Amino acid sequence: MSQSADILIIGGGLSGTMLAVQLLRLPGRRKVLIVEPRPELGRGEAYSAVELGHTLNGNAARMSVDPDNPDDLTQWLTEHIAGGGWPESAEQNVPISELFPPRGLFGVYVQQRLGEARRVGALHDSSVEHIRAEVVDLQVDTDSVQLTLSDGQSLRGGYAVLATGMFPAARTPQKTSSGLNAAALDPWDVAAMRQLDPQSTVMIIGSGLTMVDAVVSLEQAGHRGPIEVFSRHGLLPHVRRQPPAWVDFLGENHGICTPRQLLRELRRQCRAAIAQGIDWQAPLDTVRVHIARLWSQATDAQRRQFVRHVRPWWESHHHRSPPMSAALVERLYKEGRLRIQAASFNGLEPSPDGGVRICIRRRGESETCVVQGAALINSSGIEYDWRRVARPLPQQVLARGLVQPGPLALGIAAAVDGAVLDAEGCAADRLFAMGPPLRGMWWESTAVTDVALQAKALAARLVG
């Protein structure tokens, strides 16, 4: 069985859905097929969470999917709450723009915007169809792209877009596996956590935002025992606050070009803010709009230095935790139930008496030791290196040279307009990428606002 379309979108999470929305809004007749194995579009890994405790890590004012209307989510929430949705939040004395909606609710918002775009597209005979399958291979010809699907179908289109989203380490098969995922619980699987002894010890690898989600999941599952968190640097995400506006110091000073210059000036700006009684997050929040420019103009040596020496602190300060989740982590830490240890995970040990045993090496120590708990959770974040992902499509396109790893092996390489670069460095005419696969190109390529802007620009490129 074979179908054809004008544009094929590989992945129906936020990236693929936002691209479809932008294509539907543009004049002209076109057929778009989105290949996504999940039953729903618009959710992907990030917004498939159904527990109310799993919230966005940005407030509503920061999370619009419409690049032309930064208040779009706030407006949608206002209507949603007025219509009887999410009444507990409406009762709080908090401006709607400052709410941190559940991620599942955000998925509903994305789906509704897609539905509206479909109605607009129908006026000029444009359509989007969801093909529920996984793309396992693709071939690029001079005049089309052909996709091979897991169910045996083949699809042909004028263009194809890799909108594959994120590969969470906890859910992604690895080419060189440590066995961690086979032994670990899914960080978002509350039902599985309910099967644990509530007083048992749970171990978590990684201390970023996925760990925060895992702690929320354990709390909602009724777990009341010790939680041992192991991460290389032992850093926790800071809580996201609502700081006042700060001068755009990078916009005023284009002489700041390198990561070292940025960090030096950012520290100075944060000290100045604190001296004025202003939250240090205010200067930091002005940096986001400049990240792509700064990262793209840095040399590989500068990027490597940033990733090796600065990244853990950048992630903990920049990718901050929603207030309710941060409050839970802080409470458990003060109660002594949650401990953070700076240690590297060195593998699994047999555990004949049940539970899970892991080898760790604490920072500053040369010897490994074994620790044990009733369960283990892999919260080590996102796998951006496509060479490590044991999924058919990444393996095939890399093996045949249709794509090449991005800078520092983060995602894949592409031109400024999203056209992927093959193994020889040539930009493709018919194969594009957007969102998380472009992590190495722009560094911040996963946030809602980043994806929304990329979707608008790529849609215009594909139909132009």
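Predicted model, so just to flag it, every value in this text is computed and none were measured.

A separate point is the overall build of the protein chain. Helices and strands together make up the secondary structure of the protein chain, namely 16 helices and 14 strands. In summary, the protein chain has a C-alpha radius of gyration of 23 Å against a globular reference of 23 Å for 464 residues, a match within 12%. Dimensions of the protein chain, computed from the C-alpha atoms along their principal axes, are close to 60 × 55 × 50 Å. For the protein chain, with 464 residues in total, the buried portion stands at 51%. Within the structure as shown, the protein chain displays about 20400 Å² of accessible surface, and the carbon and sulfur contribution to it stands at 51%. Where the 48 positive side-chain charges of the protein chain centre and where its 48 negative ones centre are 4 Å apart.

Contact geometry for helix 2 (residues 72-82) and helix 4 (residues 103-122): axes closest at 11 Å, N-to-C directions at 100°. For the element pair helix 2 / helix 4, the angle class is roughly perpendicular. Contacts from Asp72, Leu73, Trp76, Leu77 and His80 of helix 2 reach helix 4 at Leu105, Phe106, Val108, Tyr109, Gln112 and Arg113. Its residues assigned to classes, the contact of helix 2 with helix 4 shows seven nonpolar, two polar and two charged.

Positioned with a positive phi, alanine 409 is a non-glycine residue whose angle comes to about 65°. Judged by relative accessible area, alanine 409 falls into the buried class, the value being 13%.

With that settled, the discussion passes to the sheet that holds strand 11 (residues 369-373). Neighbouring strands of a sheet are bound in pairs by backbone hydrogen bonds; such pairs are parallel or else antiparallel. The sheet built from six strands is open, its strands ordered 11-10-9-8-7-12 with mixed pairing. Of all the strands in the sheet, the pair left with one neighbour each is strand 11 and strand 12 (375-378). Neighbouring strand axes in the sheet, compared pairwise and without regard to direction, differ in orientation by 45° on average. Pairing between strand 9 (residues 338-349) and strand 10 (residues 356-362): six bridges, direction antiparallel.

The subject of this paragraph is the pattern of salt bridges. One side chain can pair with another of opposite charge once the charged atoms of both are near each other. Under the defined criterion, the tally for this structure stands at 31 salt bridges. Among the ionic pairs, arginine 331 bridges to glutamate 219, the shortest N-O distance being 3.2 Å. Of this pair, arginine 331 sits in helix 13 (residues 323-335) while glutamate 219 sits in helix 7 (residues 209-220), placing them 112 residues apart in sequence. Judged by its relative accessible area of 35%, arginine 331 is partly exposed. When salt bridges that share partners are traced, they join Glu36, Arg38, Glu45, Arg171 and Asp186 into one network.

Quick look at the UniProt feature "transmembrane region" (unreviewed entry) in the protein chain now. As annotated by UniProt and renumbered to match this structure, "transmembrane region" (unreviewed entry) occupies residues 6-24. Split by type, residues 6-24 is 58% helix and 26% strand. Its first and last C-alpha atoms lie 12 Å apart.

Further remarks concern the side chain of serine 445. Positionally, serine 445 belongs in the loop between helix 15 (439-442) and helix 16 (448-463). Here the side chain of serine 445 touches glutamine 454 through a polar contact of 2.9 Å, side chain to side chain. For serine 445, the residues in contact, after removing those within four places along its chain, are Gly435, Pro436, Leu438, Arg439, Asp450, Val451 and Gln454.

Turning to its location among the elements, glutamate 228 is positioned in strand 8 (residues 227-231). A distance of 3.1 Å separates a polar atom in the side chain of glutamate 228 from a polar atom in the side chain of glutamine 341. Non-local contacts of glutamate 228, meaning those with residues more than four positions away in its chain, are made with Thr201, Val202, Met203, Ile204, Arg339 and Gln341.

With that settled, consider the pairing of strand 11. As paired strands, strand 10 and strand 11 are joined by five bridges and run antiparallel to one another. In the sheet register, cysteine 359 faces strand 11, and the bridge partner there is valine 370. Where strand 10 hands over to strand 11, the hairpin turn is made up of six residues, of which glycine 364 adopts a positive phi near 90°.

Further remarks concern the state of the cysteines. Scanning all chains against the criterion turns up zero disulfides. Cysteine cysteine 257 remains unbridged, with the sulfur of cysteine 270 as its closest cysteine sulfur at 20 Å. Not part of a disulfide, cysteine 369 finds its nearest cysteine sulfur in cysteine 359, a span of 8.2 Å. Assessed through its relative accessible area of 21%, cysteine 369 is described here as partly exposed.

The next thing to look at is the environment of phenylalanine 249. Relative to the helices and strands, phenylalanine 249 resides in helix 8 (residues 249-252). Assessed through its relative accessible area of 4%, phenylalanine 249 is described here as buried. When the C-alpha atoms of phenylalanine 249 and leucine 266 are compared, they prove to be 8.9 Å apart, with 17 residues separating the residues in sequence. Beyond its immediate chain neighbours, meaning those up to four positions away, phenylalanine 249 contacts Glu265, Leu266, Gln269, Pro283, Thr286 and Val287.

Below, the discussion takes up the nonpolar core. With 39 residues, the main nonpolar core has Ile9, Leu14, Leu19, Leu73 and Phe106 as its most contacted residues. Looking at this core, the elements with two or more residues in it are strand 1 (2-10), helix 1 (14-25), strand 2 (31-35), helix 2, helix 4 and helix 16. Broken down by element, this core gets its largest block of residues, seven residues, from helix 1. Excluding its chain neighbours within four sequence positions, the residues that come into contact with leucine 19 are Ile9, Val161, Met434, Ala455, Leu458 and Ala459. Counting 31 residues, the second largest nonpolar core, distinct from the first, contains Leu147, Leu149, Leu162 and Val403.

All right, on to helix 1 then. Residue pairs spaced three or four apart in an α-helix point in one direction, given the helix's 3.6 residues per turn. Here helix 1 contains twelve residues, and its C-alpha end-to-end distance of 17 Å stays within 8% of the 16 Å for a straight helix at 1.5 Å per residue. Helix 1 sits mainly inside the fold: eleven of its twelve residues count as buried. Residues Leu14, Ser15, Gly16, Thr17, Met18, Leu19, Ala20, Val21, Gln22, Leu23 and Leu24 constitute the buried set of helix 1. Contacts from the buried residues of helix 1 go to strand 1, strand 2, helix 4, strand 3 (127-131), strand 6 (154-162) and helix 16.

Viewed as axis vectors pointing N to C, helix 9 (residues 259-275) and helix 12 (residues 300-318) meet at an angle of 30°, and their least axial separation amounts to 10 Å. With respect to helix 12, the axis of helix 9 lies roughly parallel. Here helix 9 contributes Pro259, Arg260, Leu263 and Leu266 to the contact with helix 12, which in turn contributes Gln302, Gln305, Phe306, Val310 and Trp314.

The rules we used
- Here, residues in each chain are numbered from 1, in the same order as that chain's written sequence.
- With pLDDT at 70 or above as the cut-off, local features in this predicted model cover only qualifying residues; side-chain atom pairs require 80 or more to be listed or tallied, and sums for whole chains, interfaces and linings still use all residues.
- As a convention, hydrogens and water are excluded, and side-chain values are obtained from all of the structure's heavy atoms.
- A run of H or I in DSSP becomes a helix once it reaches four residues, and a run of E becomes a strand once it reaches two; helices and strands are each numbered from the N terminus.
- The quantity called the radius of gyration is restricted to C-alpha atoms. Its globule counterpart is 2.2 Å times the number of residues to the power 0.38.
- A simple rule labels every residue: compare its accessible area, found with a 1.4 Å probe on the protein chains alone, to the largest value its type can have, and call it buried under 20%, exposed over 50%, or partly exposed in between.
- Only the protein chains shown count as cover for residues, with accessible areas throughout obtained via the Shrake-Rupley method and a probe of 1.4 Å.
- Two residue types count as positive, namely Lys and Arg, and two as negative, namely Asp and Glu; His and chain ends fall outside the count.
- By convention, the point assigned to a charge is CZ for Arg, NZ for Lys, CD for Glu and CG for Asp.
- What counts as an axis is a line fitted to C-alpha atoms, over the stretch in contact for a helix, and the angles between N-to-C directions run from 0 to 180 degrees.
- In this scheme, roughly parallel covers angles under 35 degrees and roughly antiparallel covers those over 145, while 65 to 115 is roughly perpendicular and the rest are oblique.
- The contact rule is simple, with two residues in contact once any of their heavy atoms fall within 4.5 Å.
- Gly falls in the polar group here, along with every residue not listed as nonpolar (Ala, Val, Leu, Ile, Met, Phe, Trp, Tyr, Cys, Pro) or charged (Asp, Glu, Lys, Arg).
- Strand pairing follows a simple DSSP-based rule, namely that at least 2 bridges must link the two strands.
- Any carboxyl oxygen of Asp or Glu that lies within 4 Å of a side-chain nitrogen of Lys or Arg is treated as forming a salt bridge with it.
- UniProt positions are given in the numbering used here, feature names are shortened, and annotations may be inferred rather than shown by experiment.
- Between N or O atoms, a polar contact is any pair within 3.5 Å; within protein, one atom must be a potential hydrogen donor and the other a potential acceptor, and residues adjacent in sequence are included only when both atoms are from side chains.
- By disulfide we mean two sulfur atoms from cysteines, separated by a distance within 2.5 Å.
- Take the buried Ala, Val, Leu, Ile, Met, Phe, Trp, Tyr and Cys residues and link them wherever side-chain atoms come within 4.5 Å; each set so joined is a nonpolar core.
- Each helix should span, by expectation, one fewer than its residue count multiplied by 1.5 Å.

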